[in-house]
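Working through the structure, step by step
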Amino acid sequence: MAEMPAVDWRVTRLSRRRSTVTRAQVETVVGRALGVFGLVFGAQTVPMALAQAGALMPGAGAALMAVLYGAIVGLAVATITKVAVRTASLAFALLYALALVAWPFLVDDPAALEGATPWLYYLCTVATTAAVVAVPPAWAAVYTLVVPAVYGVIRFMPSGGDAGPLLAVLDAMYAVVLGVVVLVIVTMLRQAAGAVDSAQEAALERYDLAARLHANEIERVKVDALVHDSVLTTLLSAAAATTPDQQQLAARMARDAVQRLDEAGATGPRALDRVGLPVLVRRLRAALTTFTTPFTVRVVNAGGVELPVEAVEALHAAAVQAMVNSLQHADEPGLSTRRELRIRGVRAGGCVIEVADSGRGFVLEEVPAERLGLRVSIEERMVNAGGAAHIESRIGHGTTVTLAWPQGAGGA
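Residues numbered from 1 in each chain as written. Predicted model: local features only at pLDDT ≥ 70, side-chain atom pairs only at ≥ 80, totals over all residues. Heavy atoms only, no water.

Per an unreviewed UniProt entry, the protein chain carries the name Signal transduction histidine kinase and comes from Agromyces cerinus subsp. cerinus.

Observations concerning the pattern of salt bridges
Here the structure, examined in full by the defined rule, presents eight salt bridges. Between R339 and D331 there is a salt bridge, with the nearest N and O atoms lying 2.8 Å from each other. R342 is paired through a salt bridge with E354; the nearest N and O atoms lie 2.8 Å apart. Linking R342 in strand β4 (residues 339-346) with E354 in strand β5 (residues 350-357), this pair joins segments that are 12 residues apart in sequence. A residue is classified by how much of its surface remains accessible, and R342, at 25% relative accessible area, is partly exposed. Within this structure, R298, E340, R342 and E354 form a network of salt bridges that share partners. (Salt bridge = Lys/Arg side-chain N within 4 Å of Asp/Glu carboxyl O. Helix = DSSP H or I, 4+ residues; strand = E, 2+ residues; numbered from the N terminus. Buried < 20%, exposed > 50% of the residue type's maximum accessible area, 1.4 Å probe, protein only.)

Some remarks on the packing of aromatic side chains
One pass over the full model with this rule turns up five aromatic pairs. A centroid spacing of 6.4 Å and a plane angle of 35 degrees characterise the contact between F92 and Y96, whose relative ring orientation is tilted. Within this pair, F92 and its partner Y96 are both found in helix α4 (residues 85-106), separated by four residues, close to a single helical turn. In this structure F92 comes out as buried when scored by relative accessible area, which is 0%. Accessibility expressed as a relative area gives 0% for Y96, which makes it buried. (Phe/Tyr/Trp six-rings, centres within 6.5 Å; stacked < 30°, edge-to-face > 60°.)

Points about unusual backbone geometry
Here the residue pair W405 and P406 is connected by a cis peptide bond, since its omega of -5 degrees sits within 30 degrees of zero. A positive phi is found at A84, a non-glycine position, where the angle reads about 55 degrees. Not every positive phi belongs to a glycine, and D162 is a case in point at roughly 55 degrees. You can see D162 is positioned in the loop between α6 (137-156) and α7 (165-240). Given a relative accessible area of 53%, D162 falls into the exposed group.

Structural notes on the packing of helix α2 (residues 23-52) against helix α3 (residues 60-81)
Closest axis-to-axis distance for the α2/α3 pair is 8 Å, and the angle between their directions is 160 degrees. In terms of orientation, α2 and α3 fall into the roughly antiparallel class. Here the hand of the crossing between α2 and α3 comes out left-handed. Along the contact surface, α2 presents G31, R32, L34, G35, G38, L39, G42, T45, V46, A49 and L50, while α3 presents M65, Y69, I72, V73, L75, A76, T79 and I80. For the contact of α2 with α3, the per-class residue count stands at 12 nonpolar, six polar and one charged. (Axes fitted to C-alpha atoms, helices over the stretch in contact; angles between N-to-C directions. Parallel < 35°, antiparallel > 145°, perpendicular 65-115°, else oblique. Left-handed = near helix turned anticlockwise from the far one by under 90°. Contact = heavy atoms within 4.5 Å. Nonpolar A, V, L, I, M, F, W, Y, C, P; charged D, E, K, R; others polar.)

Topic: the nonpolar core
Counting 47 residues, the largest nonpolar core has F92, Y96, W103, W119 and L120 as the members making the most contacts within it. Every element with two or more residues in this core is listed here: α2, α3, α4, α5 (124-134), α6 and α7. In terms of residue count, the dominant contributor to this core is α3 (nine residues). Not counting residues within four places of it along the chain, the set of residues in contact with F92 comprises L68, A71, I72, V126, A127 and A130. (Core = buried A, V, L, I, M, F, W, Y, C linked by side-chain atoms within 4.5 Å.)

Focus: the side chain of R339
You can see R339 is positioned in strand β4. For R339, a relative accessible area of 4% gives the class buried. Looking at R339, its side chain comes within polar contact range of the side chain of D331, at 2.8 Å. Beyond its immediate stretch of four places on either side in the chain, R339 contacts T293, P294, F295, T296, S326, L327, A330, D331, A356 and D357. (Polar contact = N/O pair within 3.5 Å; in protein donor to acceptor, adjacent residues only side chain to side chain.)

Here's the deal with the UniProt feature "transmembrane region" (unreviewed entry) in the protein chain
In the numbering used here, UniProt assigns the "transmembrane region" (unreviewed entry) feature to residues 21-43, 55-78, 90-107, 119-146 and 166-189. Span residues 90-107 is 94% helix and 0% strand, its end C-alpha atoms 26 Å apart. For residues 166-189, helix accounts for 100% and strand for 0%, while the C-alpha atoms at its two ends are 35 Å apart. (UniProt positions renumbered as here; feature names shortened; annotations may be inferred.)

Points about the pairing of strand β6 (residues 388-394)
Relative to strand β7 (residues 398-405), β6 runs antiparallel, the two sharing seven bridges. Counted as the bridge partner of I391 is V401 from β7. Joining the antiparallel neighbours β6 and β7 is a turn of three residues, in which G396 adopts a positive phi near 80 degrees. (Pairing = 2+ DSSP bridges.)

Things to note about α3
Under the 1.5 Å per step criterion, the end-to-end length of α3 is 31 Å for 22 residues, consistent within 8% with the ideal 32 Å. Along α3, the residues classified as buried are A60, G61, L64, M65, L68, Y69, A71, I72, L75, A76, A78 and T79. Buried-residue contacts for α3 involve α2 and α4. (Expected span 1.5 Å × (residues − 1).)

Topic: a nonpolar patch on the surface
Taken together, W139, V142, L145, V146, V180, V184 and M188 make up a surface patch of nonpolar side chains, about 670 Å² in accessible area. Of all the secondary-structure elements, those providing two or more residues to the nonpolar patch are α6 and α7. Looking at the nonpolar patch element by element, the count peaks at four residues for α6. Along the chain, V142 turns up in helix α6. (Patch = residues over 30% accessible without salt bridge, like charges linked within 9 Å, V, L, I, M, F, W, Y side chains within 5 Å. Areas by Shrake-Rupley, 256 points an atom, 1.4 Å probe, with all protein chains shown as cover.)

Here it is, written out as structure tokens:
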């Protein structure tokens, strides 16, 4: 027993010194940098795009600018709001590649270019960076090599300014070098953040175990003292009671002992610290990797939210059970079922998780009493942790399980 406070102190220091560098934060920083620089580079190319519009087919210049600049603005909005960042990045990368391939066919008067560099060239680095954000490193590397090579070929053609072979190769190599540098830096940051996340997760798991052991030991000592001070004393008094007054006193002592035992059982051991909501998000993502059926994951406002360890455990266990229930019971023969896991932070200390599917649905009142997945594994688990669970389902319209901690968080 004398060792436990020291263990708890060391683990608490480890938890307090958690690094702020996580994979999610790296993705946010890279995405927002892409959005800002996309706007800057796009603004710089506007005068050149307007000047070269006359060399293109009628209306082609305006259409090209509308598509690419619109995609850049959409990308910037997505990175700022952290909604559909990968989708917006992938869309811009694909639109840029299509615009580059279409450029020779859109140029109507090559002489009007007067040997100038096509304005698309100055967005090449934005496109390669968008590919790095949107797709795995291997595909991003292919994009980083292929797109500048296509530009080099176009630069050598009359529609690309009729540059000489050396200048065309130098322009293409310059774009490749910039793209590779961005790819390497982002990949290294992701790997470093992943290592930090793994180490933090392992440290938090060790801390959780130590905290629970310590809390259980404290609870055991409290119960031992309660049994000694109340229960044993009451039993001895009852055994020695020989008069009506002594028997009444023993009865009052018994009622008091029972009440104190009930109060001790209601409080129970509590975890000693809080953990960040991103930890719960990573644990749920890890659980999803064990399923053969995919879930669409949406995370909102996870940064800066911390929850008690007990709440994290209850939310994790209940969400996993809800996903398992969906996998086991939601599918209908011949129909595809969409499944979503939505995680939302509420202020600085709350969380709402929704597990939804578009499957067959069911009538909650008709669930057999012996089925414990809903009542015990989800509803009672959340209530015992101070949260709440709400299950909404309709035949033919799917099921949504909403988990909220604390109770009433986010209006759930």
